[in-house]
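# Structural characterization, general
Residue-level listing of the chains:
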Amino acid sequence: LQRLHGERMNIKLSYSLISWWLAGDYEGVFKALNGDWGETSEAAQYGIDKHKEWEQEVRNTGCLPKVFGGEPLERWGTELTRELELTDWLKLKGRVDLCHFVDGEMHLVDFKTGRTPLSTYANGIQHKIYKVLFPEAQVFDYMQFNQHTQEVDFQRVHLSPKMYEEAVDLIITVGCDIRATLENMGEQNGNA
């Protein structure tokens, strides 16, 4: 993150940073914007390890991970990263776990671990943010393995142009809030 003193401020947001900001974790957002993402919890590390395992399984087999059914995939890619410029000072970046096609429709997949019900994600903003990054996608699938119960769950969200518009508005609003807060902090530091 570039500081204000004569330099233009550039902000790069992601789904995680937007979620943290909306949850009120402003300090976490500012630290992450400066490269400090904090400690990784045991649960988060488990999820990271499972993502790597499932990514490798998809790459080796060309199929969904066995835990999620193991079906063959049509035209697929894993860990696809996109970055786009929304304004001259605001960028959005994200990485989708899996992208594949079903009957010509682009499906994005996010693998989850843990106990959080998938309805929480389906009622959230992650798929909307990814619709901005991948506007050609029509479907977002959440696939979850709960390591505590050994249960698997699926939740599908059909992506719409309205979701895209809502997400762009949300991202720009959060970006403006962060920018205004940083500018205010810069002014306070300059007056100290």
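Before going into details, it helps to say that this report is about the structure given with it. (Residues numbered from 1 in each chain as written. Predicted model: local features only at pLDDT ≥ 70, side-chain atom pairs only at ≥ 80, totals over all residues. Heavy atoms only, no water.)

Counted according to the given criterion, the structure contains 10 aromatic pairs. Ring geometry for Trp-21 versus Phe-30: centroids 5.7 Å apart, planes at 75°, classification edge-to-face. Grouping residues by exposure puts Trp-21 and Phe-30 together as buried. Taken together, the ring pairs in this structure connect Trp-54, Phe-68, Phe-111 and Phe-154 into an aromatic cluster. A cation over an aromatic ring shows up here: Arg-75 above the ring of Phe-101, its NZ or CZ 3.8 Å from the ring centre. (Phe/Tyr/Trp six-rings, centres within 6.5 Å; stacked < 30°, edge-to-face > 60°. Buried < 20%, exposed > 50% of the residue type's maximum accessible area, 1.4 Å probe, protein only. Lys NZ or Arg CZ within 6 Å of the ring centre and 35° of its normal.)

What follows is about the side chain of His-51. By the secondary structure assignment, His-51 is in helix H3 (residues 42-61). Only 2.8 Å separates the side chain of His-51 from the backbone oxygen of Phe-111, close enough to count as a polar contact. Those residues in contact with His-51 that sit more than four places away from it in its chain are Asp-97 and Phe-111. (Helix = DSSP H or I, 4+ residues; strand = E, 2+ residues; numbered from the N terminus. Polar contact = N/O pair within 3.5 Å; in protein donor to acceptor, adjacent residues only side chain to side chain. Contact = heavy atoms within 4.5 Å.)

The next thing to look at is the pattern of salt bridges. For the structure on display, the rule yields 12 salt bridges. Among the ionic pairs, Lys-12 bridges to Glu-83, the shortest N-O distance being 3.3 Å. With Lys-12 in strand S1 (residues 11-13) and Glu-83 in strand S2 (residues 74-85), this residue pair connects regions lying 71 residues apart in the sequence. Look at Lys-12 and you get partly exposed, because its relative accessible area is 38%. Across the salt bridge formed by Glu-166 and Lys-128, the nearest N and O atoms sit 3.3 Å from each other. (Salt bridge = Lys/Arg side-chain N within 4 Å of Asp/Glu carboxyl O.)

The buried count for helix H5 (residues 126-133) comes to seven of eight residues, which makes it a mostly enclosed element. Looking only at H5, the buried set comprises Gln-126, His-127, Ile-129, Tyr-130, Lys-131, Val-132 and Leu-133.

Side chains of Val-67, Val-152 and Phe-154 sit close together on the surface and give an oily, nonpolar patch of about 220 Å² of accessible area. Here Phe-154 shows up in strand S6 (residues 151-158). (Patch = residues over 30% accessible without salt bridge, like charges linked within 9 Å, V, L, I, M, F, W, Y side chains within 5 Å. Areas by Shrake-Rupley, 256 points an atom, 1.4 Å probe, with all protein chains shown as cover.)

Counting residues in hydrophobic clusters, the biggest one holds 39 residues, and the most contacted among them are Ile-11, Leu-13, Leu-108, Tyr-130, Ile-171 and Ile-178. With seven residues, the top contributor of residues to this core is helix H6 (residues 161-190). Of all hydrophobic cores here, the second largest spans 10 residues; its members include Leu-64, Leu-73, Phe-111 and Phe-145. (Core = buried A, V, L, I, M, F, W, Y, C linked by side-chain atoms within 4.5 Å.)

Taken N-terminus to C-terminus, the directions of helix H1 (residues 15-22) and helix H2 (residues 26-33) make an angle of 150°; their axes are 7 Å apart at the nearest point. When the interaxial angle is binned, H1 and H2 end up roughly antiparallel. Touching Leu-17, Trp-20 and Trp-21 of H1 are Tyr-26, Gly-28, Val-29, Phe-30, Ala-32 and Leu-33, all from H2. Among the residues forming the contact of H1 with H2, the class breakdown is eight nonpolar, one polar and no charged. (Axes fitted to C-alpha atoms, helices over the stretch in contact; angles between N-to-C directions. Parallel < 35°, antiparallel > 145°, perpendicular 65-115°, else oblique. Nonpolar A, V, L, I, M, F, W, Y, C, P; charged D, E, K, R; others polar.)

Nothing here speaks to function; it is geometry throughout.
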